[in-house]
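The lines below spell out each chain.
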Amino acid sequence: MENPTYAQELKQIRLKRYQLWGVFISYLPAIGITLSISEGSGAPAAVCLLWVLFAAIGGVRVSFSRCPRCGNLFHMRGAGTSWGRRCRHCDLSL
Ligand SMILES: [Zn+2]
């Protein structure tokens, strides 16, 4: 039986995943806007750098989410990372 207290934790994991997707999707518009409003080459490089930083933070946050049921890392097992919708250890679904 599904334990209802997992709902909050699973919501947090889902939120982190959405944030990461948001970062990925925002890259092209952000670069496009920066290129169109900036004269020099400094601003797009800065946006690119910031984006890499946000993507790295988002990736780490998602990768190190813990499964509320088994306590293991939800998306990682050994060296492998998968951003699937199920826990790599106990198969708990998001
Ligand atoms: Zn699990």
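Whatever comes next refers back to the structure up there.
Just so we're clear, the structure is a prediction, and the values are computed from it rather than from any experiment. (Residues numbered from 1 in each chain as written. Predicted model: local features only at pLDDT ≥ 70, side-chain atom pairs only at ≥ 80, totals over all residues. Heavy atoms only, no water.)

A. Structural view of the nonpolar core. Core analysis: the largest hydrophobic core is formed by eight residues, namely Y6, L10, I13, C67, F74, C87, L92 and L94. Among all residues touching L10, those that are not within four sequence positions of it are P68, F74, L92, S93 and L94. (Core = buried A, V, L, I, M, F, W, Y, C linked by side-chain atoms within 4.5 Å. Buried < 20%, exposed > 50% of the residue type's maximum accessible area, 1.4 Å probe, protein only. Contact = heavy atoms within 4.5 Å.)

B. Local environment of unusual backbone geometry. For D91, which is not a glycine, the phi torsion comes out positive at approximately 70 degrees. Secondary-structure assignment places D91 in the segment after β2 (80–81). The class for D91 is partly exposed, based on a relative accessible area of 46%. (Helix = DSSP H or I, 4+ residues; strand = E, 2+ residues; numbered from the N terminus.)

C. Structural context of the pattern of salt bridges. Using the criterion set out here, one finds one salt bridge in the structure. In this structure, the salt-bridge partner of D91 is R86, at a minimum N-O distance of 3.8 Å. (Salt bridge = Lys/Arg side-chain N within 4 Å of Asp/Glu carboxyl O.)

D. Fine view of the environment of R77. With respect to the helices and strands, the residue R77 is situated in strand β1 (residues 76–77). Taking relative accessible area as the criterion, R77 reaches 47% and is therefore assigned partly exposed. Expressed as a C-alpha distance, the spacing of R77 and G32, which sit 45 residues apart in the sequence, is 37 Å. Beyond its immediate chain neighbours, meaning those up to four positions away, R77 contacts R88 and H89.

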